[in-house]
Amino acid sequence: MELALRRARRGDFDAICQVAADCGAPAPPRERSVLKRFRNLVADLGADLYVATARERPVGFVHVAYDRDLLLGQRARILALLGDSPETMRSLLDLARNRADRRGCRDLRVVPGSWVPDVATVAAMAGWNAADCGFQFDLTQGSGQS
């Protein structure tokens, strides 16, 4: 299956809700306030929301937030990670890791939740370590960051 990864667009709200429903996760209600929150999220340069598509149909998405930590430096957290297959999840995780590394983050964390149900996929990937009820990928190893 040919998978394409792209930044989410304003018109992706229904598709993201459908992916969530297909994955058995709660979908946000189609209300004006939620649509406005989604549009703000898509426009936010302090976060990443990416969609995985197969044959132009969304099959997964990842939402990464970035925190500025005065003591430790920039850090990244995966807030949502849903996909129709382990391959989709791995592609989205690789994308999140690469984006966080390019932003100069020292680590990327993921914690299980409503929109991060399949943490076993993370655990199976090389380089991820158990941390604080979830998993962490250290981005400082080999990248020359301190």
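For clarity, every value in this text was computed on a predicted model and none was experimentally measured.

## Quick word on the environment of A4
Working step 1: Following the sequence through the fold, A4 ends up in strand β1 (residues 3-7).
Working step 2: Residues A4 and V59, spaced 55 residues apart in sequence, show a C-alpha to C-alpha distance of 9.8 Å.

## Here's the deal with the layout of surface pockets
Working step 1: Here the largest pocket is characterised by a volume of approximately 230 Å³.
Working step 2: Around the largest pocket sit 14 residues that line it, and F13, P28, F38, L41 and W115 are the ones nearest its centre.
Working step 3: Listed by contribution, the elements that provide at least two residues to the lining of the largest pocket are α1 (13-22), α2 (32-43), β3 (57-69) and β4 (73-83).
Working step 4: For the lining of the largest pocket, the element with the most residues is α2, which contributes 4 residues.

## Comments concerning the pairing of β3
Working step 1: By the bridge criterion, 8 bridges tie strand β2 (residues 47-54) to β3 in an arrangement that is antiparallel. Counted as the bridge partner of L49 is H63 from β3.
Working step 2: Here β2 folds back onto β3 in antiparallel fashion, the turn holding 2 residues, of which R55 has a positive phi close to 55°.
Working step 3: As paired elements, β3 and β4 share 10 bridges and run antiparallel to each other. Bridged to F61 within β4 is L82.
Working step 4: The turn linking β3 back onto β4 is made up of 3 residues.

## With respect to the sheet that holds strand β6 (residues 128-131)
Working step 1: Spatial ordering of the open sheet is given by β1-β2-β3-β4-β5-β7-β6, a layout of 7 strands whose pairing is mixed. Where the open sheet ends on each side, the last strands, each with one partner, are β1 and β6. Between one strand axis and the next, the sheet turns through 25° on average, direction left out of account.
Working step 2: The sheet contacts of α1 involve β2, β3 and β4, and relative to β3 the element is tilted by about 100°.

Procedures and definitions
- Residues numbered from 1 in each chain as written.
- Predicted model: local features only at pLDDT ≥ 70, side-chain atom pairs only at ≥ 80, totals over all residues.
- Heavy atoms only, no water.
- Helix = DSSP H or I, 4+ residues; strand = E, 2+ residues; numbered from the N terminus.
- 1 Å grid on protein atoms, 1.4 Å probe; cavity = no way out; pocket = protein on both sides within 12 Å on 5 of 7 lines; lining within 4 Å.
- Points joined across faces, edges and corners; volume = space filled by probe spheres on them.
- Pairing = 2+ DSSP bridges.
- Axes fitted to C-alpha atoms, helices over the stretch in contact; angles between N-to-C directions.
- Contact = heavy atoms within 4.5 Å.

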